[in-house]
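One letter stands for each residue in the lines below.
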Amino acid sequence: MTLQQEIVGNAMQMAVVSLQPGQTVYCEAGKFLFKTTNVTMETRLGGPSAGGGQQSQPGGGSGGMGGLLRQAMGTAMQAGQRALAGESLAFQYFTTQGGEGTVGFAGVLPGEMRALELDGTRAWFAEKDAFVAAESTVDFGIAFQGGRTGRSGGEGFILEKFTGRGTVIIAGAGNFIDLNPADFGGRVEVDTGCVVAFEEGIQYGVQRVGGLNRQGVMNAVFGGEGLSLATLEGNGRVILQSLTIESLANALKKAQGGDKQGPTGGLFSTNAQ
């Protein structure tokens, strides 16, 4: 059963979901906006992949005490992963009772939202905090991109991973830009803060901006990008955002008279603590 949803608004969008009997949708804690009274809300530590999205049925394949123990361990491991990634520990689950119900969700920054349809053949990866809500048939996980890539890039080390079948709703800052690296010679290089999400099959990495030469130093020091760019290679969908959290934070500091970046940007930027 396809999740009926509508994304409304402009500068700060929200997703309005129509739940049918038997459907359950879950969201990141803090992304819920409103619901009709016939929709129940339950907060749990586990996601669907850890058994958090389904209730155990008496005598129904749970494996007795062993099954309960495995489920508890799965929930604890998932919660631990999310804590390590700096994500919320809990999910909120919404189920309609006695007819169609409505639930509203939103992201936390001014920008767009997007509903992705998973058919079970390809996973989707998203930057941390992009997840808003998903059907209970979609599994939420954490993917670690690799020590060298994460340390050199500063962003992208920890990714959200969505598998299974159903609808997942993500959010980003500013406007979304859709592209396929295959249309640009197979590879694109972007600001590390611009990546929102990409399909499985896209190779994601981080590279140094220029070499250890005069132009490389100029790019890093005065270019405003720091030392690294994100690289996206392959054939598949990529979603970028036009506003980065860092640029938004710098604009707010400047408006409050606390801008420490100065005219050069780049490595000369000294963010206030």
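The structure under discussion appears in the preceding block.
Residues numbered from 1 in each chain as written. Predicted model: local features only at pLDDT ≥ 70, side-chain atom pairs only at ≥ 80, totals over all residues. Heavy atoms only, no water.

Looking now at unusual backbone geometry. For D129, which is not a glycine, the phi torsion comes out positive at approximately 80°. Relative to the assigned elements, D129 resides in the loop between β9 (124-127) and β10 (131-135). A residue is classified by how much of its surface remains accessible, and D129, at 41% relative accessible area, is partly exposed. (Helix = DSSP H or I, 4+ residues; strand = E, 2+ residues; numbered from the N terminus. Buried < 20%, exposed > 50% of the residue type's maximum accessible area, 1.4 Å probe, protein only.)

A separate point is the nonpolar core. Ranked by size, the top nonpolar core spans 21 residues in total, and within it Y26, F131, F162, V168 and I170 carry the most contacts. Broken down by element, this core gets its largest block of residues, 4 residues, from strand β12 (residues 158-171). Those residues within four positions of F131 in sequence are excluded, and the remaining contacts are Y26, C27, E28, K31, F91, F140, E160, F162, V168, I169 and I170. Counting 15 residues, the second largest nonpolar core, distinct from the first, contains A15, V17, L19 and M113. (Core = buried A, V, L, I, M, F, W, Y, C linked by side-chain atoms within 4.5 Å. Contact = heavy atoms within 4.5 Å.)

Strand order across the open sheet formed by 3 strands is β14-β17-β16, with antiparallel pairing between neighbours. The sheet terminates laterally at β14 (187-190) and β16 (203-208), the two strands that pair on one side only. The sheet shows a mean angle of 30° between the axes of neighbouring strands, direction not considered. Where β16 meets strand β17 (residues 228-233), 6 bridges bridge the pair, whose relative direction is antiparallel. Pairing of Y204 across the sheet is with L232, part of β17. (Pairing = 2+ DSSP bridges. Axes fitted to C-alpha atoms, helices over the stretch in contact; angles between N-to-C directions.)

These results come straight from atomic positions and should not be treated as a statement about function.
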